[in-house]
Amino acid sequence: ATIVIALFGGWAVAALPAFWVTVAFGLVGFLLMIARPMFGLGLMLAALYFPVFPTVPFGPLEFSASTLMVVGMTISALIKIRRSRVNPLARWQWTVLLALGFVFLLATLFSTSLAVSLRFFPNLVIYLLILFSIMTLVDTPKKLWDVARLSIVLGFVLSIWRTELGPLRGLLGLPSLGINGAVF
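Helix and strand content of the protein chain: eight helices and two strands. Put simply, the protein chain runs from its N terminus to its C terminus through helices and strands in the order α-α-α-β-β-α-α-α-α-α. When each of the 184 residues of the protein chain is scored for burial, the buried share is 28%. A fraction of 69% describes how many contacts in the protein chain between residues 6 or more apart in sequence connect residues 24 or more apart. Summing over all exposed atoms, the protein chain offers an accessible surface of approximately 12100 Å²; the carbon and sulfur share of this is 75%.

Here it is, written out as structure tokens:
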């Protein structure tokens with residue numbers, strides 16, 4: 001089954017337009033986020049550290065594969081809150097999220113170029129959704145250690161890719177990946 005999926009995936013990457021691969025990867029990540037949130041979180045972090053899929057224009061906005069995963073992660077966090085008898089977030093966490101959202105809104109409204117700021121406002125909302133979802137889903141020290149370990153490994157691999165493998169990338173014509181701001 002894995003060989004058939006790999007062959008079909010390879011054919012799809014070669015034959016279909018690039019944005020379809022982004023949408024397919026994003027939808028798989030979306031479903032994984034709902035079915036297995038911690039595995040999906042790892043996949044989303046990998047997609048954030050290595051933004052190799054092209055963005056898909058959607059009217060005046062663009063979305064990437066990780067955007068669909070963030071939506072799935074938020075749905076998974078909301079499901080967890082609904083099923084839980086106790087609020088998984090502490091009062092100070094809600095306060096920080098609301099304050100950060102308020103600051104993002106004020107910074108957007110009072111910027112020198114409102115048109116440019118409004119274009120980046122969806123990214124700020126995505127950052128809030130990532131913070132909310134991770135604070136909700138990563139609720140044990142073991143999960144926190146797993147996410148921290150994955151982040152360290154992904155950061156290490158990214159640093160090797162950007163610096164030490166620079167000459168090899170140049171020979172093969174591979175891009176130097178810019179890190180996604182949501183990682184921070």
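The first and last C-alpha atoms of helix H2 (residues 18–35) sit 26 Å apart over 18 residues, in line with the 26 Å expected at 1.5 Å per residue. Buried within H2 we find Val21, Thr22, Val23, Gly26, Gly29 and Met33.

Below, the discussion takes up the pattern of salt bridges. Under the defined criterion, the tally for this structure stands at four salt bridges. With a closest N to O distance of 2.2 Å, Lys80 and Asp139 form a salt bridge. Within this pair, whereas Lys80 is found in helix H4 (residues 65–83), its partner Asp139 is found in the loop between helix H6 (114–137) and helix H7 (141–164), the two being separated by 59 residues in sequence. With a relative accessible area of 42%, Asp139 lands in the partly exposed category. Here Asp139 makes a salt bridge to Lys143, at a shortest N to O gap of 3.1 Å. By sharing partners, the salt bridges in this structure join Lys80, Asp139 and Lys143 into a single network.

What follows covers the confidence of the model for the protein chain. Residues with a pLDDT of 70 or more make up 82% of the protein chain, whose mean pLDDT is 81. Predicted confidence in the protein chain is weakest over helix H1 (residues 2–15), with a mean pLDDT of 67, and strongest over helix H5 (residues 91–109), with 91.

Looking at the element boundaries, Phe19 is found in helix H2. Linking Phe19 and Pro57, residues 38 residues apart in sequence, is a C-alpha distance of 8.8 Å. In this structure Phe19 touches Pro54 and Val56, once residues within four positions along its chain are discounted.

A few words now on the packing of aromatic side chains. Scanning the model with the defined rule gives one aromatic pair in all. Their ring planes at 45° and their centres at 5.7 Å tell us that Trp94 and Phe132 sit as a pair that is tilted. Of this pair, Trp94 sits in helix H5 while Phe132 sits in helix H6; the two residues are 38 residues apart in sequence, bridging distant segments of the chain. In this structure Phe132 comes out as buried when scored by relative accessible area, which is 8%.

The rules behind each value
- Residues numbered from 1 in each chain as written.
- Predicted model: local features only at pLDDT ≥ 70, side-chain atom pairs only at ≥ 80, totals over all residues.
- Heavy atoms only, no water.
- Helix = DSSP H or I, 4+ residues; strand = E, 2+ residues; numbered from the N terminus.
- Buried < 20%, exposed > 50% of the residue type's maximum accessible area, 1.4 Å probe, protein only.
- Contact = heavy atoms within 4.5 Å.
- Areas by Shrake-Rupley, 256 points an atom, 1.4 Å probe, with all protein chains shown as cover.
- Expected span 1.5 Å × (residues − 1).
- Salt bridge = Lys/Arg side-chain N within 4 Å of Asp/Glu carboxyl O.
- pLDDT = per-residue confidence, 0-100.
- Phe/Tyr/Trp six-rings, centres within 6.5 Å; stacked < 30°, edge-to-face > 60°.

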